[in-house]
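Below are the chains, spelled out letter by letter.
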Amino acid sequence: QVQLVESGGGLVQAGGSPRLSCAASGRTFSRYTVGWFRQAPGKEREFVASISWSGGITYYGDSVKGRFTISRDNAKNTVYLQMNSLKPEDTAVYYCAARMSDDYRYWGQGTQVTVSS
């Protein structure tokens, strides 16, 4: 069982660079691939980024590639999402999720990021 808690969201000006954190409970967290997703009002959930258990493999959605960076510190059971050059269209609830197989089984409650222009 893994429990995930996101933090770091809030109101940010366009161009800002906040960092989101995803803190996990569970001794086996280091074995999980972790992803960040986001959902804006009236839109479908969108993949943002993912990182393998070792941190050696990362993927990014096209809309954030080159602006966001995902990383993890397994000693702290935490995954980070560094967001740079934020745009108003990045406004969404951001969720982290964890998986061992193909499906993300564990999800956090989400953290709101609102980008003002």
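Structural data are supplied above this passage.
Everything quoted here is computed from the prediction, not taken from an experiment.

**Q** Report on the environment of Pro-88, specifying residues and quantitative values.
**A** Along the chain, the position of Pro-88 falls in the loop between strand E8 (78-83) and strand E9 (92-99). C-alpha separation for the pair Pro-88 and Ser-116, spaced 28 residues apart in sequence, amounts to 5.9 Å.

**Q** Give a description of the pattern of salt bridges that names residues and reports values.
**A** Scanning the model with the defined rule gives four salt bridges in all. Residues Arg-67 and Asp-90 are paired through a salt bridge, measuring 2.8 Å at the closest nitrogen-oxygen approach. On the criterion of sequence distance, the pair formed by Arg-67 in the loop between strand E6 (58-60) and strand E7 (68-73) and Asp-90 in the loop between E8 and E9 is long-range, its members being 23 residues apart. When sorted by exposure, Arg-67 lands in the same class as Asp-90, which is buried.

**Q** Report on the nonpolar core, specifying residues and quantitative values.
**A** Counting residues in each nonpolar core, the largest one holds 28 residues, and the members touching the most others are Leu-4, Trp-36, Leu-81 and Tyr-94. Mapped onto this core, the elements with two or more residues apiece are strand E3 (19-25), strand E4 (33-39), strand E5 (46-51), E7, E8, E9 and strand E11 (111-116). Top contributing element to this core by residue count: E9, with four residues. Those residues in contact with Tyr-94 that sit more than four places away from it in its chain are Glu-6, Leu-20, Trp-36, Phe-37, Arg-38, Val-48, Phe-68, Leu-81, Met-83, Gly-110, Thr-111 and Val-113.

**Q** Give me the lowdown on the sheet that holds E8, citing residues and values where you can.
**A** Strand pairing in a sheet is mediated by backbone hydrogen bonds. Such pairs are either parallel or antiparallel. With respect to topology, four strands assemble into an open sheet ordered E1-E3-E8-E7, the strand pairing being antiparallel. In this open sheet, the two strands that pair with only one neighbour each are strand E1 (3-7) and E7. Here the average twist between neighbouring strands, direction ignored, is 15°. Summarising the sheet, E3 and E8 pair through five bridges and their orientation is antiparallel.

How each quantity is defined
Residues numbered from 1 in each chain as written. Predicted model: local features only at pLDDT ≥ 70, side-chain atom pairs only at ≥ 80, totals over all residues. Heavy atoms only, no water. Helix = DSSP H or I, 4+ residues; strand = E, 2+ residues; numbered from the N terminus. Salt bridge = Lys/Arg side-chain N within 4 Å of Asp/Glu carboxyl O. Buried < 20%, exposed > 50% of the residue type's maximum accessible area, 1.4 Å probe, protein only. Core = buried A, V, L, I, M, F, W, Y, C linked by side-chain atoms within 4.5 Å. Contact = heavy atoms within 4.5 Å. Pairing = 2+ DSSP bridges. Axes fitted to C-alpha atoms, helices over the stretch in contact; angles between N-to-C directions.

Purely spatial values, then, with no claim about function.
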